[in-house]
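Descriptive structure summary
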Amino acid sequence: MVSETRLHPAELVLPMFVREGATEPVPIVSMPGVVQHTLESLPRAVEEAAAAGIGGIMLFGVPEKKDGRGSGGVDPAGILNLATTVAAGAAGDALVVQTDLCLDEFTDHGHCGVLDSDGRVDNDATLEVYRDMALAQATAGSQLLGLSGMMDGQVAAVRDALDGAGFADLPILAYSAKYASAFYGPFRDAVQSSLVGNRRTYQLNPGNRREGLREVELDIAEGADIVMVKPAMSYLDVLSDTAAISPVPVWAYQVSGEYSMIAAAAANGWIDRERTIYETVLGIRRAGADAVLTYFAIELAQSLAAGGPDA
Ligand code: PBG
C-alpha cells in the first residue's frame, strides 16, 4: 500500500537479435538464455513476447556481410529490414516493433558511422546514411526508430527525412545519454561486432553527468519523442536528472553486461535471480525511467503475472 513504485509488463521492451543465414536459433555464449533468432524463429518469439504482455521489442540485425558504408542497414533486403516486416506481421497491434538505427552491426570496421579518409568517424556523412536507413526501416514497418549511434544532429536529420517522405507520424526514440561503457561487451558478441578501438569520440565519458543532461536537451530540441539513458544501473543519477526536466517519456536500457552479470551470479547460486531482476528494474523505474529495455523482459513479465518475487 505504501509502495511508491510498481512494475508492469507494458513498460518493458525486449531487445532481440536476428541473424542472417542462420538455420536455427544460435545461443549467445556471453548472454546465457539469449539467442540470435532466424527469420523463421522470430514470429513465435514475437508471439511469446506479446503473450507476456510486454510493451515492445527492439530489433537488432546480424548481417552475413559487412562493408565500409554499412550498406546492409539501408538495403530493403538487409536482415534488419526483413526481420522488421516479419516481426510487424507477427505482432499486429499487440506490441510496438522497434528498430535499432545505427551502422555498427553493418560496418566492417564496426563503428556506428562511416569513416573519412583519415579513418575517423565522419559525423555529417553518417547523417546522410542514417536518413536512408530511417526510410528503409519505416518502409519495412518499424513503429519506433531507436537512434543509438550518438552522431550529433541525428535526431533532426532523421526527423527531417521521415517528415519529407510521408512518415510524419513515426516516432523517434533517441539514445541521448549513451555512455562509452564496458557493459556493452556481451552485446558486441551478440552482433558479432568487428570493432577495433573504441567509441569514445562519440559516446559519452562515464564521468560526465552534466554532459549527459546536455545531450538529452539537445535531442529534445531536435524533436525526440522519447529520450533514453544507457546503460541504466551505473547511470541512475543521469536518469534522475533527465526525468526531472524531460517533457517527453524517459526510457533506460539495462544493457547486455548488466544482464550477464545477473545471469552469471544467479547461475552460481550467489544471488536470487528473480529477486535481483525485480529489484534492478524497480530501481531503474524509481530513478525515473518510464519504460525499460531489458533482456529479462519476458521473464520479468511472467514473474509479475505470477505475483512477483514475493508471491
Ligand atoms: C549500437 C548499440 C549498442 C548497444 C545498443 N545499440 C552497442 C554499442 O554502442 O557498442 C548495446 C546494448 C547492450 O549492450 O545491450 N547499435
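These numbers come from a predicted model, not from an experiment.

Parameters at a glance
Residues numbered from 1 in each chain as written. Predicted model: local features only at pLDDT ≥ 70, side-chain atom pairs only at ≥ 80, totals over all residues. Heavy atoms only, no water. Helix = DSSP H or I, 4+ residues; strand = E, 2+ residues; numbered from the N terminus. Rg over C-alpha atoms; globule rule 2.2 N^0.38 Å. Buried < 20%, exposed > 50% of the residue type's maximum accessible area, 1.4 Å probe, protein only. Contact = heavy atoms within 4.5 Å. Areas by Shrake-Rupley, 256 points an atom, 1.4 Å probe, with all protein chains shown as cover. Lys, Arg positive; Asp, Glu negative; His and termini not counted. Charge placed at Lys NZ, Arg CZ, Asp CG, Glu CD. Expected span 1.5 Å × (residues − 1). Polar contact = N/O pair within 3.5 Å; in protein donor to acceptor, adjacent residues only side chain to side chain. Phe/Tyr/Trp six-rings, centres within 6.5 Å; stacked < 30°, edge-to-face > 60°. Lys NZ or Arg CZ within 6 Å of the ring centre and 35° of its normal. Salt bridge = Lys/Arg side-chain N within 4 Å of Asp/Glu carboxyl O. pLDDT = per-residue confidence, 0-100.

Another aspect to go through is the overall build of the protein. From N to C terminus, the protein includes ten helices and ten strands. Radius of gyration (C-alpha) of the protein: 18 Å, near the 19 Å computed for a compact globule of 311 residues. With respect to the three principal axes, the spread of C-alpha positions in the protein is 55 × 45 × 40 Å. Every one of the 311 residues in the protein was classed for burial, and the buried ones make up 54%. Put simply, 75% of the contacts in the protein that link residues at least 6 apart link residues at least 24 apart. For the protein, the accessible area works out to roughly 13000 Å², and carbon and sulfur atoms hold 51% of it. Between the centroid of the 21 positive side chains of the protein and the centroid of its 41 negative side chains there is a distance of 5 Å.

Turning our attention to helix H2 (residues 79-91). A rise of 1.5 Å per residue sets the reference length of H2, with its 13 residues, at 18 Å; its end C-alpha atoms lie 18 Å apart and thus fit the reference within 8%. Looking one or two places after H2, you find Gly92, whose phi comes out positive at around 55°.

This paragraph deals with the environment of Ser193. Within the element layout of this structure, Ser193 appears in the loop between helix H5 (185-190) and helix H6 (210-222). On the accessibility criterion, Ser193 (22% relative accessible area) is partly exposed. Sequence separation between Ser193 and Asp108 is 85 residues, and the spatial gap between their C-alpha atoms is 8.4 Å. Apart from the residues within four sequence positions on either side, Ser193 is in contact with Lys66, Arg188 and Arg199. Within polar-contact distance, the side chain of Ser193 engages the backbone nitrogen of Leu195 at 3.1 Å.

Time to look at the packing of aromatic side chains. Enumeration according to the criterion identifies nine aromatic pairs in this entry. Ring centres of Tyr253 and Tyr295 lie 6.1 Å apart, and the angle between their planes is 45°; this geometry places the pair in the tilted category. Taken together, the residues Tyr253 in strand E9 (residues 250-254) and Tyr295 in the loop between strand E10 (291-294) and helix H10 (297-305) connect sequence positions 42 residues apart. This pair shows no difference in class: Tyr253 is buried, exactly as Tyr295 is. Ring pairs connect the aromatic residues Phe17, Phe60, Tyr175, Phe187, Tyr253, Tyr259, Tyr295 and Phe296, which therefore count as one cluster. The cationic tip of Lys178 hangs over the ring face of Tyr184; the distance from NZ or CZ to the ring centre is 5.5 Å. For the cation-ring pair, Lys230 lies above Tyr184, with the distance from its terminal atom to the ring centre recorded as 4.8 Å.

Under the criterion given, the structure shown has eleven salt bridges. We note a salt bridge from Glu11 to Arg285, for which the minimum N-O separation is 3.0 Å. Within this pair, whereas Glu11 is found in the segment before strand E1 (12-19), its partner Arg285 is found in helix H9 (residues 273-287), the two being separated by 274 residues in sequence. Between Glu299 and Arg273 there is a salt bridge whose closest N-O contact spans 2.7 Å. With Glu299 in helix H10 and Arg273 in helix H9, this pair connects stretches of sequence that are 26 residues apart. Residue class for Arg273 comes out partly exposed when judged on its relative accessible area of 28%. Through salt bridges that share partners, Asp116, Asp118 and Arg120 make up one connected network.

When pLDDT is averaged across the protein, the result is 97; 100% of the residues are at 70 or more. The least confident element of the protein is H5, whose mean pLDDT is 93; the most confident is E10, at 99.

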